[in-house]
Amino acid sequence: MSDEKTTAVWLVDVGYVVKASEGKFKLDYVRAERMLAEKFGATTTYLFNGYDTAYGIPSGLQAFYDVMTRHGMKVSLQPMQSGPPGINQQRRVDVDFSAHLVWQAGLPHINTLVVTTGDQDFVPAITLVREQFDKRVVLFTYDAMVHSDLVGIASEWWHFEKHAEHISRR
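Once a new chain begins, its residue numbering starts again from 1 and follows that chain's sequence as written. Local features are withheld for residues below a pLDDT of 70 in this predicted model, meaning they are given only at 70 or higher, and side-chain atom pairs are given and counted only at 80 or more; totals for whole chains, interfaces and linings count all residues. Excluding hydrogens and water, the side-chain figures rest on all heavy atoms present in the structure.

A. Representation of the pairing of strand β1 (residues 8–13) within the structure. Of all six residues making up β1, six are buried, and the element is well covered by its neighbours. Only protein chains enter the accessibility calculation, which uses a 1.4 Å probe; a residue is then buried when its area is under 20% of its type maximum, exposed when over 50%, and partly exposed in between. Helix numbering and strand numbering both begin at the N terminus, where a helix is a DSSP run of H or I of at least 4 residues and a strand a DSSP run of E of at least 2. Burial along β1 is two-sided: the face carrying Ala8, Trp10 and Val12 and the face carrying Val9, Leu11 and Asp13 are both buried. As paired strands, β1 and strand β2 (residues 43–51) are joined by six bridges and run parallel to one another. Across the sheet, the residue bridging to Leu11 is Tyr46, located in β2. Should DSSP find at least two bridges between two strands, the strands are taken to pair. With five bridges connecting them, β1 and strand β4 (residues 112–116) associate as parallel partners. By the bridge assignment for β4, Trp10 is matched with Val114.

B. Examining the packing of aromatic side chains more closely. Aromatic pairs are defined between Phe, Tyr and Trp rings, using the six-membered ring for Trp, whenever the two ring centres lie within 6.5 Å; interplanar angles under 30 degrees are classed as stacked, those over 60 as edge-to-face, and all others as tilted. Per the stated rule, a full pass over the model turns up 13 aromatic pairs. Between Tyr46 and Phe48, the ring centres sit 6.4 Å apart and the planes meet at 20 degrees, which makes this aromatic pair stacked. Accessibility expressed as a relative area gives 0% for Phe48, which makes it buried. For the pair Phe64 and Tyr65, a centre-to-centre distance of 5.7 Å together with 55 degrees between the ring planes defines the contact as tilted. Site record: aromatic cluster; members linked through ring pairs are Trp10, Phe25, Tyr29, Phe40, Phe64, Tyr65, Phe140, Tyr142, Trp158 and Phe160.

C. Representation of the pairing of β4 in the model. By the criterion of burial, β4 is predominantly enclosed, with five of the five residues buried. Both faces of β4 are covered, namely the face carrying Thr112, Val114 and Thr116 and the face carrying Leu113 and Val115. Pairing geometry for β4 and strand β5 (residues 136–141), over four bridges, is parallel. Pairing of Thr112 across the sheet is with Arg136, part of β5. Here, the term right-handed applies to a crossover whose path from the first strand over the helix to the second runs clockwise when the strands point away from the viewer. In this region the chain leaves β4, passes through helix α5 (residues 123–133) and returns to the parallel neighbour β5; the handedness of that crossover is right-handed.

D. View of the pattern of salt bridges. Whenever Lys or Arg places a side-chain nitrogen within 4 Å of a carboxyl oxygen from Asp or Glu, that contact is recorded as a salt bridge. Scanning the entire structure with this criterion turns up three salt bridges. The shortest N-O distance in the salt bridge between Asp143 and Lys24 comes to 2.9 Å. A residue pair is termed long-range when its members are at least 10 positions apart, and Asp143 in the loop between β5 and α6 (148–153) and Lys24 in the loop between α1 (14–20) and α2 (29–40) qualify at 119 residues. Classification of Asp143 by relative accessible area gives partly exposed; the value is 40%. Residue class for Lys24 comes out partly exposed when judged on its relative accessible area of 29%. Here Arg136 and Glu156 are joined by a salt bridge, their closest N and O atoms 2.6 Å apart. With Arg136 in strand β5 and Glu156 in strand β6 (residues 156–159), this pair connects stretches of sequence that are 20 residues apart. For Arg136, a relative accessible area of 31% gives the class partly exposed.

E. Quick look at the nonpolar core. Residues grouped as a nonpolar core are buried Ala, Val, Leu, Ile, Met, Phe, Trp, Tyr and Cys residues, joined through side-chain atoms within 4.5 Å. Residues Trp10, Leu27, Tyr29 and Phe140 are the most contacted members of the largest nonpolar core, which totals 47 residues. Per-element accounting of this core gives the leading share, six residues, to α2. The residues contacting Trp10, other than those within four sequence positions of it, are Leu27, Tyr29, Ala32, Glu33, Leu36, Thr43, Thr44, Thr45, Tyr46, Val114, Thr116 and Phe140. It only takes one pair of heavy atoms within 4.5 Å for two residues to be counted as in contact.

F. Molecular detail of the environment of Arg169. Residue placement: Arg169 occurs in the segment after α7 (164–167). Overall, Arg169 belongs to the exposed group, its relative accessible area being 54%. Along the primary structure Arg169 and Arg31 are separated by 138 residues, whereas in three dimensions their C-alpha atoms are 8.2 Å apart.

Distances and angles like these do not, on their own, reveal function.
Written out as structure tokens, the structure reads:
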């Protein structure tokens with residue numbers, strides 16, 4: 001649940017960050033959250049990802065989630081649909097992300113929702129947030145792998161690359 005002091009929420013599709021960061025700098029989630037808090041006030045961060053039920057969560061990834069949790073971020077993991085080895089499909093992550101987006105938009109003390117994803121599946125939820133709750137939605141992503149419909153519906157689009165000195169891993 002969001003802290004009543006929170007004025008902004010950052011929702012992150014971890015799978016998007018991993019894919020879009022290939023060949024680019026790696027995102028420092030803690031530094032990025034601090035930058036967002038400086039811009040928008042107290043910020044609560046939610047990280048969304050899937051995991052393979054057959055193999056569980058790799059120890060390195062679990063360590064990452066543990067560190068993020070210690071920094072006050074919320075981690076929400078959904079089971080992937082198992083397929084042949086190496087062919088698993090993410091399920092429920094987008095629905096979880098969208099449900100949190102709409103829930104947070106309905107909270108009166110939340111003014112800004114920062115969204116990190118490139119997937120057009122979020123267009124209906126963002127449209128609802130903008131039109132029904134009249135909330136500011138900032139798309140905060142790499143400059144690649146972002147569907148044009150997302151860019152069109154967001155209040156603003158911030159590229160990680162323009163903020164690299166403040167949000168990249170050192």
